[in-house]
Amino acid sequence: MQNTRLLSLLRTFSKKELRDLQKFTASPFYNQRRDVADLLDVLSDCIKDAGHIPDKKNVFKKLYGASGNFDDHKVRMAMSFLMKLAEQFLVHQGYFKEEVAVKTRLAGIYRQRNLPKHFERTIREAQQGLDKMALRNAHFYNLDHDLQMEEFRFNAAQRRIADHNLQSLTDNLDIIYFSKKLRQGCLLLSHQAVYKKEYRFGLLDAVLLEVEQEGLLSIPAISVYYYCYRSLTQPDEPSYFHELTKLLVEEGRRFPKDEIADLYLLAINFCIKRYNEGEAAYLSDEFNLYKDGLEKSYLLNNGMLSRFAYRNVVTTGLVLKEYDWVENFIHQFKDNLEKSYRESMFSFSFARLEFERHNFGASLELLQKSEYRDLLLNIAAKALMLKIFYETDEYDA
């Protein structure tokens, strides 16, 4: 039972999600097998209390009583049904979080059932929900397009010719495509630079021209990727990058967290590349992007910070001699590191800071505190020790 797909999935559930899944499984609409609900109860108790997961024979006894002969197939069938229910539950949860999409779909059902009053009320509620959304990325325009399409179908069925919204539908479709096409272009360029693979960019040149000629750079969903693409393809024209960083800071809240995080990382990697090519001014841009991305939690993934990002932030801050800020960062984000690397990355980073401050004794003590399982980190720690021995004239060491 320990290494099954079912257990791996259930361990990712929060306590609330497990409770909700139990309610979901107890509903006869979704599940009519008592043993499946009982199996979830058994596994949930073990997961909540971090207890030992029983083997299949013990699970069989809990589900079907001690009197019958063990039937492995019966247990596996219960596990299979529970796995499907857990997947259904996650899809159900994800779908109903999209309130605008749900209302739009419901409006479509009312339209098909010829219930105009129900339709008009529901589509109005969908529009109100859309207006309240903070996001203005391609997904927002996709929701808007679906909503307007339902209105178009309804008006066409009611023969309200004057109410047709074809131009708005067309404009929305362009925004969706241009935004997604430019985003894909940025990702292709980024991947191409790392893996030296050539890609066909299709209609991207035509999209760039259309965006410029039609004045679409006032739309953040388009402009942020336009300036990102221009920065990557024309790095010697700094105005594109400066416009990109301005948009990231001012319009970042308009994008979901995973999307804005990708944009920040694209901009940070651009700075690193330019700095390595001798453009020292980009180091400050990189540092400011890290600071802003951390302050707004864009660079945290489920509350965790990559150990590589942690190390890069420290390196950038030390080169810029921002020692006090770096010390605060090292402590503040220690607990956001992956547990297995937390102490080693913390002690190494603090040791580097103390070295830069010429506190060589404190630096050496920190280096000796942790075991460095990461090979590259271990080598870096040894190199830092050599620097300390040299600076303190410890030639015998």
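Below is a summary of the structure that appears in this document. (Residues numbered from 1 in each chain as written. Predicted model: local features only at pLDDT ≥ 70, side-chain atom pairs only at ≥ 80, totals over all residues. Heavy atoms only, no water.)

1. Re the packing of aromatic side chains
Part 1: All chains considered together, the criterion is met by 23 aromatic pairs.
Part 2: Ring geometry for Phe 24 versus Tyr 30: centroids 4.1 Å apart, planes at 20 degrees, classification stacked.
Part 3: The exposure class of Phe 24 is buried, given its relative accessible area of 8%.
Part 4: Linked through ring pairs, Phe 13, Phe 24, Phe 29, Tyr 30 and Phe 89 together constitute an aromatic cluster.
Part 5: The aromatic ring of Tyr 64 is capped on one face by Lys 74, whose charged end is 4.4 Å from the ring centroid.
Part 6: Positioned above the aromatic ring of Phe 346, the side-chain terminus of Lys 334 is 4.4 Å from the ring centre. (Phe/Tyr/Trp six-rings, centres within 6.5 Å; stacked < 30°, edge-to-face > 60°. Buried < 20%, exposed > 50% of the residue type's maximum accessible area, 1.4 Å probe, protein only. Lys NZ or Arg CZ within 6 Å of the ring centre and 35° of its normal.)

2. A few points about empty space enclosed by the protein
Part 1: Going through the model one piece at a time under the given rule, you end up with one cavity of 30 Å³ or more.
Part 2: Approximately 50 Å³ is the volume found for the largest cavity.
Part 3: Around the largest cavity, the lining residues are Arg 183, Cys 186, Leu 187, Tyr 225, Glu 259, Asp 262, Leu 263 and Leu 266.
Part 4: In terms of residues, the lining of the largest cavity owes the most to one element, helix α13 (residues 257-276), which gives four residues.
Part 5: Considering only residue class, the lining of the largest cavity consists of five nonpolar, no polar and three charged. (1 Å grid on protein atoms, 1.4 Å probe; cavity = no way out; pocket = protein on both sides within 12 Å on 5 of 7 lines; lining within 4 Å. Points joined across faces, edges and corners; volume = space filled by probe spheres on them. Helix = DSSP H or I, 4+ residues; strand = E, 2+ residues; numbered from the N terminus. Nonpolar A, V, L, I, M, F, W, Y, C, P; charged D, E, K, R; others polar.)

3. A short note on the environment of Ser 340
Part 1: Assignment of secondary structure puts Ser 340 in helix α17 (residues 339-356).
Part 2: Here Ser 340 falls in the partly exposed class, since its relative accessible area comes to 36%.

4. Topic: unusual backbone geometry
Part 1: You will see that Lys 196, though not glycine, has its phi angle at about 55 degrees, which is positive.
Part 2: Along the chain, Lys 196 turns up in the loop between α9 (166-195) and α10 (204-213).

It is worth stressing that arrangement in space is one thing and function is another; only the former is reported here.
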